[in-house]
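Inside the fold
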Amino acid sequence: MSRPPQSVAIDGPVLVVAPHPDDETLGCGGLIAEAVGQGFAVHTVFVTDGAASHPGSLQWSRAKLARRREREAREALRRLGAGEQPRTFLRLPDSGMPDPSDMRHAQAVTRMAGIVRDLSPRLAVLPWRRDPHRDHRGSWRLAMDAIDETGLSPCILEYAVWLDDLGVADDHPRPGEMEPVGLDIGAHAQSKQQAVQAHLSQLGSLITDDPSGFTLPPEMIARLTGRWEAYWRPCGAR
Ligand SMILES: [Zn+2]
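What this report covers is the structure whose coordinates are included nearby. (Residues numbered from 1 in each chain as written. Predicted model: local features only at pLDDT ≥ 70, side-chain atom pairs only at ≥ 80, totals over all residues. Heavy atoms only, no water.)

1. Thoughts on the pairing of strand β1 (residues 14-18)
Most of β1 sits out of view: 5 of its 5 residues are buried. Side chains Val14, Val16 and Ala18 project from β1 onto one buried face, and the interleaved Leu15 and Val17 project onto a second face that is buried too. As a crossover connection, the stretch from β1 through helix α1 (residues 23-37) into strand β2 (residues 42-48) is right-handed. The pairing of β1 with strand β4 (residues 123-127) spans 3 bridges and is parallel. (Buried < 20%, exposed > 50% of the residue type's maximum accessible area, 1.4 Å probe, protein only. Helix = DSSP H or I, 4+ residues; strand = E, 2+ residues; numbered from the N terminus. Right-handed = clockwise from strand over helix to strand, strands pointing away. Pairing = 2+ DSSP bridges.)

2. Remarks on the nonpolar core
Soluble, globular proteins show a tendency: their nonpolar side chains are buried together. Of all hydrophobic cores here, the largest spans 37 residues; its most connected members are Val8, Val14, Leu31, Ile32, Leu123, Val125 and Tyr231. Ranked by residue count, the leading element in this core is α1, at 6 residues. In this structure, Val17, Met97, Met112 and Ile115 belong to the second largest nonpolar core, which totals 23 residues. (Core = buried A, V, L, I, M, F, W, Y, C linked by side-chain atoms within 4.5 Å.)

3. Here's the deal with the pattern of salt bridges
Scanning the entire structure with this criterion turns up 20 salt bridges. Asp164 serves as the salt-bridge partner of Arg223, at 3.5 Å between the closest nitrogen and oxygen. With a gap of 59 residues between them, Arg223 in helix α7 (residues 218-224) and Asp164 in helix α5 (residues 163-166) connect regions that are remote in the sequence. A residue is classified by how much of its surface remains accessible, and Arg223, at 30% relative accessible area, is partly exposed. Under the relative-accessibility criterion, Asp164 is labelled exposed at 56%. Counted as one network, the salt bridges with shared partners bring together Arg129, Arg130, Glu158 and Glu177. (Salt bridge = Lys/Arg side-chain N within 4 Å of Asp/Glu carboxyl O.)

4. What to know about the packing of helix α3 (residues 103-119) against helix α4 (residues 134-150)
Contact geometry of α3 with α4 gives a least axis separation of 8 Å together with a crossing angle of 60°. In terms of orientation, α3 and α4 fall into the oblique class. The crossing of α3 and α4 is right-handed. Residues His105, Ala108, Val109, Thr110, Met112, Ala113, Val116 and Arg117 of α3 form the contact with α4, whose own contacting residues are Arg141, Leu142, Ala143, Asp145, Ala146, Ile147, Glu149 and Thr150. Its residues assigned to classes, the contact of α3 with α4 shows 9 nonpolar, 3 polar and 4 charged. (Axes fitted to C-alpha atoms, helices over the stretch in contact; angles between N-to-C directions. Parallel < 35°, antiparallel > 145°, perpendicular 65-115°, else oblique. Left-handed = near helix turned anticlockwise from the far one by under 90°. Contact = heavy atoms within 4.5 Å. Nonpolar A, V, L, I, M, F, W, Y, C, P; charged D, E, K, R; others polar.)

5. With respect to the coordination of the zinc ion
Every protein donor of the zinc ion is listed here as His20 (ND1), Asp23 (OD), Asp23 (OD) and His136 (NE2), and their distances to the metal cover 2.1 to 2.8 Å. We note that the donor set of the zinc ion lies within a single chain, spaced as H-x2-D-x112-H. Of the two residues, His20 sits in the loop between β1 and α1 while His136 sits in helix α4, which places them 116 residues apart along the sequence. The pair His20 / His136 is uniform in exposure class, with both members buried. (Donors = N, O, S within 2.8 Å, 3.2 Å for Na, K, Ca; no water.)

6. Here's the deal with the state of the cysteines
Note on terminology: a disulfide is the covalent bond linking the sulfur atoms of two cysteines. As enumerated under the stated definition, the model contains 0 disulfides in all. Here Cys28 is not disulfide-linked; the sulfur of Cys155 is the nearest cysteine sulfur, at 14 Å. Of the residues examined, Cys28 reaches a relative accessible area of 0% and is grouped as buried. There is no disulfide at Cys235, and the cysteine sulfur nearest it, in Cys155, is 12 Å away. (Disulfide = S-S within 2.5 Å.)

Here is the structure:
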């Protein structure tokens, strides 16, 4: 992206919500590195277990893949300088998050609300509310319900991962809904690229016995690892 009109301000603890392990890096790895570098706490919540990426693999069961993806997420955070920062794995089923009417949604909201209360974030970085991937939408809902439950009102930023690749017109921000903001992550670009490489199970070379398995598109990685990280902030918010 080119330079956005406004810049992200980081002035306190940051909550990061990642629908899957890898979204924390692709969506906001530079912001994580920058916030930690400035001395602020960053608590990353991984919502799903990421275990649905290779359903046809015989060598990688869902349980084995879930464990692998947590290890990759921890390593990615380490490469972003956030190895000592708190993180939580909610372990909801990848591509099978409970509906808001489901008791498991309420349980996850309660758990995330506890994290929000403890952290008292100044900034909450969430997936884009209408990202075409249903886990991303579900994670936004979960996080907003949790924040509402606490009564706290951190500044919200939302990051899109799949919008450019899979989105339809209605998925994009509507007039007056959001304003674009960006963060110059030039100082962290190399760390972010190395953190992407920590997610080896999603890069095509580790799991080779599932031809239908998921691989992060190289052009998407290139788009999300440039100098500027792009976010939307609800209009009217600070
Ligand atoms: Zn994702």
